[in-house]
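Structural overview for review
The chain contents come next:
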Amino acid sequence: MATAHPTVDDTRALEADLRREVRGEVRFDAYTRFLFSTDASMYAIEPLGVVFPRDGDDIQAAIAVARRHGVPVLPRGGGTSLAGQTVGRAVVLDCSRHMSRVLEIDAERMLARVQPGLVQDDLNRAAAKVGLAFGPDTSTSNRATIGGMIGNNSAGSHSVIYGMTIDHVVALDVVLSDTSRARFEAVGPEEVARRAKGDSLEARIYRELPALAAAHRRAIDSRFPEFWRRAGGYRLDRIPTDGGLDLAKFVVGAEGTLVAITEAVVRLVPKPKFVVMGVGQFRTVAEAIEATGDALAVKPAAVELIDKTILDLARQSREFGKIGSFIEGDPGALMFVECYGETEAEALDALDRLQATWARHGHGYSFFRATSRAAQQAVLKVRKSGLGFLMAAGRGTNRPIAFIEDTAVDPRHLPAYTERFKQILDRHGLKAGFYGHASVGCLHIRPFMDLTRPGEIQKMRAVAEAVRDLVAEYGGAMSSEHGDGLARSEWNRRLFGDELYEAMRQVKRVFDPEGRMNPGKIVDAPAMDEHLRDPALPPAGPIETHFHFEEGMRGAAARCMRIGLCRKGFEGTMCPSYMATRVEDHSTRGRANALVKALSDPDPRRALGDARLYEILDLCLECKACKSECPLTVDMATLKSEFLAHYYAVHGVPLRARLFGRVRSLNRAGSALAPLSNLPSRFGPARWLLEKVVGIDRRRPLPRFERETLPRWFASRPRPAGGGERGDVVFLADSFTSFTEPAIGRAAIELLERAGYRVRLETEVCCGRAQISKGLLGDAKASAAALAAKLGPEAARGVTIVGCEPSCLLTLREEHPALLPGNADAAAVAKRARLVEELLVEAIDEGALAVPAANGEPPRRVLFHGHCHQKALAGTAATVALLSRIPGAEVVELDAGCCGMAGSFGFEAEHYDLSMAIGGQRLFPAVRAEGPETLVAATGVSCRQQIAHGTGRRAHHPVVLLHEAITRGGTPQGGGA
């Protein structure tokens with residue numbers, strides 16, 4: 001049998017052999033092991049090491065090495081499993097890094113051949129080109145892998161029409177536990193007999209598995225759950241009695257305990273031609289569940305439920321706080337019903353019948369029809385984010401725990417079942433949110449618990465046992481799409497009975513005689529309350545921080561619940577470097593958990609000086625997207641800044657960090673010496689020297705210094721007569737608007753004055769943004785204190801502080817209060833700090849700032865790219881609105897992620913290639929696709945620099961375009977102010 005406890009010398013030999021025989025990366029360092037010790041479940045088991053195989057040969061080689069060393073292996077995809085399937089004391093095979101391609105789409109046969117690490121949404125993007133899709137659609141579709149879906153037998157919201165993953169798997173190429181290769185597919189009796197001949201492990205499987213099923217047929221027929229929506233145990237019920245065999249379907253849901261998949265052929269389905277959605281609003285969950293039967297009567301594609309707990313959390317979230325547009329009153333539950341049709345009339349007819357039936361039967365008090373794509377996207381955001389909302393509600397170690405979240409019963413039993421489920425929670429004093437797939441009787445219910453408190457683990461076990469018995473009473477499934485893992489495998493003997501459970505143990509022995517493949521799942525599992533993550537974590541070591549973290553620095557990092565949303569690849573901004581590298585270290589999840597490890601050290605100050613930790617955090621661009629896109633609001637940008645301060649305390653501050661931290665002084669000097677200061681940027685030897693000495697990449701254009709700075713222009717210009725009827729504003733002269741792009745500041749100030757504001761230019765204080773980014777937090781704190789002291793009195797009396805550079809202006813709102821907790825001036829400044837676009841839009845809409853008509857000029861398309869900090873902390877609505885007020889402007893806001901520049905990041909030689917790769921994923925192609933007549937707009941100085949360098953197109957600040965439209969009349973031509 002495989003052992004999970006080799007000695008140190010054994011482990012070193014194992015690592016050496018893997019490095020010699022596997023072409024992919026092999027990592028056995030402490031940080032990698034820690035990062036892969038967890039998934040999205042409540043468990044933690046440190047693996048022996050991690051292999052990132054490049055192909056099936058690597059998987060075969062890794063299993064061969066593990067077999068020689070007598071250790072287990074554990075195939076893993078995105079690490080988003082909720083039941084602990086992908087953690088174990090084994091060699092982890094992470095297929096998501098390299099084995100993530102669509103190998104073939106056969107549109108005629110509606111098949112796809114894929115690698116196991118392929119993300120579901122990536123498959124759907126490829127299939128959509130020929131009008132197809134993968135039917136099972138999990139809420140984690142932007143990071144769940146096909147191999148993981150096969151391992152869990154995943155389903156999703158449309159399983160009422162598409163079934164589960166098992167219904168779509170056609171063939172699998174696998175490596176067996178003895179390292180032999182096999183092709184699993186449906187074969188008839190004659191082929192089964194042929195394959196059963198010989199002494200190979202594959203032959204043994206074909207001989208013994210049908211015999212095993214025949215010997216236990218009565219138990220199979222009587223003890224498998226009656227309801228079809230199930231993902232637990234080994235699928236002996238899928239072995240037919242006619243002599244045929246489909247091992248591809250049999251190993252679906254086996255959680256990597258029987259084979260390792262190298263390729264899969266899966267069936268695709270036609271994309272629906274017309275989709276409509278109705279949202280019923282109910283006063284209670286019970287009322288909504290009572291309406292499920294009527295919803296099923298119209299043959300919907302999905303019927304989904306979320307309750308008031310989740311709705312209230314959604315309203316509080318930064319990203320989804322505006323969902324109230326389709327909600328009336330204060331519903332206790334929403335039910336989403338999706339209908340498909342070959343024609344629009346057919347889809348709408350189903351929606352009409354549903355609405356009429358619910359009205360006739362008194363189900364719900366309001367019905368919202370989402371027939372446009374925009375309305376459906378808004379509704380889907382709410383529906384698909386239920387898990388994230390629940391996770392975000394946790395504080396400290398009081399979290400929504402996944403251990404009874406995957407039960408399913410026949411929908412006809414759902415009203416009574418749900419009521420009794422709620423009674424179990426009430427008896428134990430537990431609060432939980434209810435959401436899930438009402439169409440198939442599957443509700444995801446996660447009680448809030450703190451497993452570090454005395455008695456909580458025992459309470460969790462008691463609740464799990466009560467729910468287990470309740471599920472069995474209704475003929476349902478304890479695991480309906482999330483699998484067994486460590487959370488539910490313990491219950492399989494009780495749920496299936498002794499005979500059937502022993503048959504499943506025999507299945508394991510037939511496929512895996514040495515117990516090598518992901519042992520301890522489905523059969524012979526540890527108790528569900530072993531290997532719990534939070535109780536095993538040691539107390540946080542003592543450490544003083546520059547920023548104020550409400551839960552402490554480790555608590556801020558430990559907010560991460562490993563759900564892996566930061567591993568998405570083609571939407572939003574989080575996490576830019578992961579999108580480019582697909583390395584777990586570079587995800588927000590990876591970085592947060594690396595910090596948890598360091599901050600759990602008895603001496604965290606020493607641990608924060610670790611070079612491997614620096615390597616993990618180095619590629620964080622500090623874009624702050626995680627602050628808004630991560631449901632747990634893990635603020636990795638702030639955590640990285642704090643880390644750098646402690647790292648430099650151990651190792652000293654590098655010259656380049658000091659220089660970039662003093663960018664305001666450098667820019668001021670550059671402007672004073674212009675135009676001479678601009679010559680080195682065009683002088684090759686100077687650029688070579690700058691790269692060698694300071695590490696600024698010679699390929700990156702340097703900013704151009706302007707002789708007439710914004711302060712010089714402001715001081716020398718004639719002051720406008722009158723004005724001030726809209727009040728005073730302080731314009732923050734940031735380091736870039738002041739010295740390298742003063743035209744932007746001039747345009748903004750002139751527009752503010754036209755609108756009736758009295759503008760004072762503030763040039764003497766700096767926000768400290770660059771110091772914060774480089775970890776110079778002592779200097780940043782001093783800068784913040786000086787700015788607060790200077791502007792605090794004005795802010796306290798209601799003066800608004802505005803700026804054009806989002807990263808600088810928003811530092812006043814975001815970082816200064818955390819650097820200066822309890823400082824009244826800093827709090828006042830934060831409250832009064834606003835982006836200039838916000839004031840200008842208000843002035844236009846109130847008639848204080850007149851914008852002339854387009855004068856018959858043709859409309860101009862404006863492509864807008866928002867700054868990462870702006871998107872995360874303030875939103876881009878005001879900027880989009882400002883651009884929309886320009887005559888003849890057709891504004892298109894890009895979802896292009898981070899530009900990749902990120903302040904100094906894109907200048908740094910070791911980061912230049914990654915910076916360009918990030919920009920090249922979505923932003924550069926989107927800009928290049930536009931014709932020359934399209935105007936490109938961007939609020940961030942870094943974004944404008946990156947767009948110019950990566951595409952050769954000039955990007956304009958939105959206030960410059962507005963200024964041109966107003967001062968020259970008509971549609972702007974992009975000439976600049």
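For the structure itself, consult the block above.
Notes on the structure follow.

Parameters and conventions
- Residues numbered from 1 in each chain as written.
- Predicted model: local features only at pLDDT ≥ 70, side-chain atom pairs only at ≥ 80, totals over all residues.
- Heavy atoms only, no water.
- Helix = DSSP H or I, 4+ residues; strand = E, 2+ residues; numbered from the N terminus.
- Rg over C-alpha atoms; globule rule 2.2 N^0.38 Å.
- Buried < 20%, exposed > 50% of the residue type's maximum accessible area, 1.4 Å probe, protein only.
- Contact = heavy atoms within 4.5 Å.
- Lys, Arg positive; Asp, Glu negative; His and termini not counted.
- Charge placed at Lys NZ, Arg CZ, Asp CG, Glu CD.
- Pairing = 2+ DSSP bridges.
- Axes fitted to C-alpha atoms, helices over the stretch in contact; angles between N-to-C directions.
- Disulfide = S-S within 2.5 Å.
- Polar contact = N/O pair within 3.5 Å; in protein donor to acceptor, adjacent residues only side chain to side chain.
- Expected span 1.5 Å × (residues − 1).
- Salt bridge = Lys/Arg side-chain N within 4 Å of Asp/Glu carboxyl O.

Here we look at the overall build of the protein
Looking only at helices and strands, the protein features 46 helices and 28 strands. A compact globule built from 977 residues would reach a C-alpha radius of gyration of about 30 Å, and the protein, at 30 Å, matches this within 12%. Burial statistics for the protein: of 977 residues in total, 62% are counted as buried. The long-range share in the protein, meaning contacts at least 24 apart out of those at least 6 apart in sequence, stands at 75%. Of the side chains in the protein, 125 bear a positive and 120 a negative charge, and the two mean positions are spaced by 4 Å.

Re the sheet that holds strand β28 (residues 955–956)
Strands sit in the order β26-β25-β27-β28 across an open sheet of 4 strands; the sheet is parallel. The sheet is open, and its two edges are formed by β26 (889–893) and β28, each paired on a single side. In this sheet, β26 lies alongside strand β25 (residues 860–865) in parallel orientation, the contact comprising 5 bridges. The residue of β26 that forms the bridge with Val862 is Val891.

Focus: the sheet that holds strand β11 (residues 260–267)
The strand order β5-β6-β11-β8-β9-β10 describes an open sheet built from 6 strands, whose pairing is antiparallel. In this open sheet, the two strands that pair with only one neighbour each are β5 (102–106) and β10 (245–246). Both strand β9 (residues 181–187) and β10 contribute to a ladder of 2 bridges, which runs antiparallel. Each residue of the ladder has a partner; that of Val187, found in β10, is Leu245. Strands in contact with helix α8 (residues 201–215) are β9 and β10; relative to β9, the strand with the most contacts, it is inclined by about 35 degrees.

Observations regarding unusual backbone geometry
Omega for the bond connecting Met574 with Cys575 falls within 30 degrees of zero, at -5 degrees, which places this linkage in the cis form. One non-glycine residue with positive phi stands out, namely Asn518, at about 40 degrees. Residue position: Asn518 is located in the loop between α21 (498–511) and α22 (533–536). Judged by relative accessible area, which is 1%, Asn518 ranks as buried. Its identity is not glycine, yet Asp524 carries a phi of approximately 50 degrees, on the positive side.

A short note on the state of the cysteines
On inspection of all chains with the given rule, the structure shows 0 disulfides. With no disulfide of its own, Cys623 lies closest to Cys868 among cysteine sulfurs, the gap being 4.9 Å.

Topic: the pairing of β5
In the case of a regular strand, side chains alternate between the two sheet surfaces. Of the strand pairs in this sheet, β5 and strand β6 (residues 111–114) are connected by 4 bridges, and their pairing is antiparallel. Within β6, the position partnered with Val102 by the bridge is Val114. Counting the residues in the hairpin turn of β5 and β6 gives 4 residues, including Met110, whose phi is positive at 55 degrees.

A short note on the side chain of His363
Among the secondary structure elements, His363 is positioned in the loop between α14 (344–361) and β16 (366–370). Within the local environment of His363, its side chain forms a polar contact with the side chain of Asp294, the two groups lying 3.3 Å apart. Residue contacts for His363: discarding those within four places in its chain leaves Phe282, Glu290, Ala291, Asp294 and Trp358.

Points about α21
Helix length check: α21, at 14 residues, gives a terminal C-alpha distance of 20 Å against a target of 20 Å (1.5 Å per residue), a fit within 8%. Where α21 is concerned, the buried positions are Leu500, Tyr501, Ala503, Met504, Val507, Lys508, Val510 and Phe511. For α21, the elements touching its buried residues are β9, α8, α9 (217–223), α10 (247–250) and α20 (492–496).

Description of the pattern of salt bridges
Per the stated rule, a full pass over the model turns up 85 salt bridges. A salt bridge links Arg113 to Glu263; the shortest N-O distance between them is 3.0 Å. Of this pair, Arg113 sits in strand β6 while Glu263 sits in strand β11, and the two are 150 residues apart along the sequence. By relative accessible area, Glu263 is classed as partly exposed at 21%. Glu691 is the salt-bridge partner of Arg698, the closest N and O atoms lying 3.1 Å from each other. Taking relative accessible area as the criterion, Arg698 reaches 39% and is therefore assigned partly exposed. Taken together, the shared-partner salt bridges in this structure form one network comprising Asp173, Arg183, Glu185, Glu191, Arg194 and Arg195.

Geometry only, nothing functional implied.
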